[in-house]
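Commentary on secondary and tertiary structure
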Amino acid sequence: MSDSDLTLLDRPIWSALTTRQRHLAEGGPQALRYPVAMTPFADMADMSAASFAALGDLLSGSQVAALFTPEPVDVPAGFKVVIAGPCEQMIGSPADSPLRDAEIVTLGAADVPAMMALTALTKPGPFALRTHELGTFLGIRAGGQLVAMAGERMKPGHFTEMTAVCVHPDHRGRGYAQALLAAIARQIEARGEIPFLHVLSNNASAIALYQRQGMTIRRCLHVTALMKQG
């Protein structure tokens, strides 16, 4: 993996929307976003006033644009910051973690209500009605209920982001997150791609889990969610 390949991950949203997921991109040369029914993620070609204006043109009402950037964003007048803080970008191949008492299944459109309920409860990050269309999502059910899941989201170049790693509070401590992360990673690697993920810097337990599975912190990025003011 060359240094030039890795630079795609410095601006993962922009890189994804100008490479493998450009068919999903809304906007133009200065600002791009995913369809809002998939995810609020967006980015700009640079931090110029013209690019911020282009980003503003993509937003209406209370819509939020969430950016992942190498440096903190200096948000200009006309925008309101909803969330701002650091996250760790981790890369690598999570170790296999087989399950003895549960089956991993592929999730689809029929599972969206259960996926929305689980993410609303566990809050792994943005998850919308069409997020599952961004890639493969796997889950574990218990008693007919979806109790754990993980999937794919951004796809910059030959990298694929793992996302929505979550487990129902009543079913934690059984290795479900580790098993799902490993299963998603194996599917990504089978396509010749490299798995990576993002985790908020203050989520020490998740970072420790991913490190135990063999992933490493590549760099810190800054998450900024903003909306138009007024």
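Structure's up top.
In this report, the structure presented in the accompanying data block is examined.

Conventions adopted
Residues numbered from 1 in each chain as written. Predicted model: local features only at pLDDT ≥ 70, side-chain atom pairs only at ≥ 80, totals over all residues. Heavy atoms only, no water. Buried < 20%, exposed > 50% of the residue type's maximum accessible area, 1.4 Å probe, protein only. Helix = DSSP H or I, 4+ residues; strand = E, 2+ residues; numbered from the N terminus. Arc of directions from axis to C-beta. Contact = heavy atoms within 4.5 Å. Core = buried A, V, L, I, M, F, W, Y, C linked by side-chain atoms within 4.5 Å. Pairing = 2+ DSSP bridges. Axes fitted to C-alpha atoms, helices over the stretch in contact; angles between N-to-C directions. Salt bridge = Lys/Arg side-chain N within 4 Å of Asp/Glu carboxyl O.

A short note on helix α6 (residues 204–212)
Every buried residue belonging to α6 is among Ala206, Ile207, Leu209 and Tyr210, and all of these are buried. An end-on view of α6 places all buried positions within 160° of arc, on one side of the element. For α6, the exposed residues set more than 90 degrees away from the buried face come down to Ala204, Ser205 and Arg212. Buried residues along α6 sit in contact with β5 (79–91), β9 (159–167), α5 (176–190), β10 (194–200) and β11 (216–228). Looking one or two places after α6, you find glycine 214, whose phi comes out positive at around 105°.

Digging into the nonpolar core
Counting 24 residues, the largest nonpolar core has Met90, Met162, Leu181, Leu197, Val199, Tyr210 and Met215 as its most contacted members. Listed by contribution, the elements that provide at least two residues to this core are β7 (137–142), β8 (145–152), β9, α5, β10 and α6. Counting residues per element, this core draws most heavily on α5, at eight residues. Sequence-distant contacts of methionine 162, that is, excluding residues within four places in its chain, are made with Pro94, Gly151, Leu181, Ile184, Ala185, Ile188, Pro195, Phe196, Leu197 and Met215.

What about the pairing of β7?
For strand β6 (residues 104–106) and β7, the ladder comprises three bridges, and the chain directions are antiparallel. Bridging from a neighbouring strand, threonine 106 pairs with leucine 138 of β7. With six bridges joining them, β7 and β8 adopt antiparallel strand pairing. Considered in β8, the bridge of glycine 139 is made with methionine 149. Between β7 and β8, which follow one another and run antiparallel, lie two residues, and glycine 143 among them has a positive phi close to 60°.

Observations concerning unusual backbone geometry
For residues other than glycine, phi is negative in most cases, and the peptide bonds are mostly trans. Here lysine 123, not a glycine, exhibits a phi torsion of approximately 55°, which is positive. Mapped onto the secondary structure, lysine 123 falls in the loop between α4 (112–122) and β7.

Notes on the sheet that holds β11
Spatial strand order, β4-β11-β5-β10-β9-β8-β7-β6: eight strands in an open sheet with mixed pairing. The two strands at the open ends of the sheet, each matched to only one other strand, are β4 (65–69) and β6. Direction aside, neighbouring strands of the sheet carry axes that sit 30° apart on average. Contacting β4, β5 and β11, helix α3 (residues 49–58) runs over the sheet at an angle of about 65° to β11. Here α6 sits on the sheet in contact with β5, β9, β10 and β11, set at roughly 160° to β10.

Things to note about the sheet that holds strand β1 (residues 26–27)
Taken together, three strands build an open sheet; the order of strands is β1-β2-β3 and the sheet is antiparallel. A single partner strand is all that each edge strand has here, and the edge strands are β1 and β3 (42–44). As paired elements, strand β2 (residues 31–33) and β3 share three bridges and run antiparallel to each other. By the bridge assignment, arginine 33 is partnered in β3 with alanine 42.

Comments concerning the pattern of salt bridges
In this structure the tally under the stated criterion is 13 salt bridges. For aspartate 10, the salt bridge goes to arginine 218, with nearest N and O atoms at 2.7 Å. Here the residue aspartate 10 occupies a position in the loop between α1 (3–6) and α2 (12–17), and arginine 218 occupies one in strand β11, the gap between them amounting to 208 residues. A salt bridge links glutamate 193 to arginine 20; the shortest N-O distance between them is 3.3 Å. Of this pair, glutamate 193 sits in the loop between α5 and β10 while arginine 20 sits in the loop between α2 and β1, and the two are 173 residues apart along the sequence. For glutamate 193, a relative accessible area of 12% corresponds to the buried category. Each member of the salt-bridge network shares a partner with another, and the members are Arg20, Glu152, Lys155, Arg191 and Glu193.

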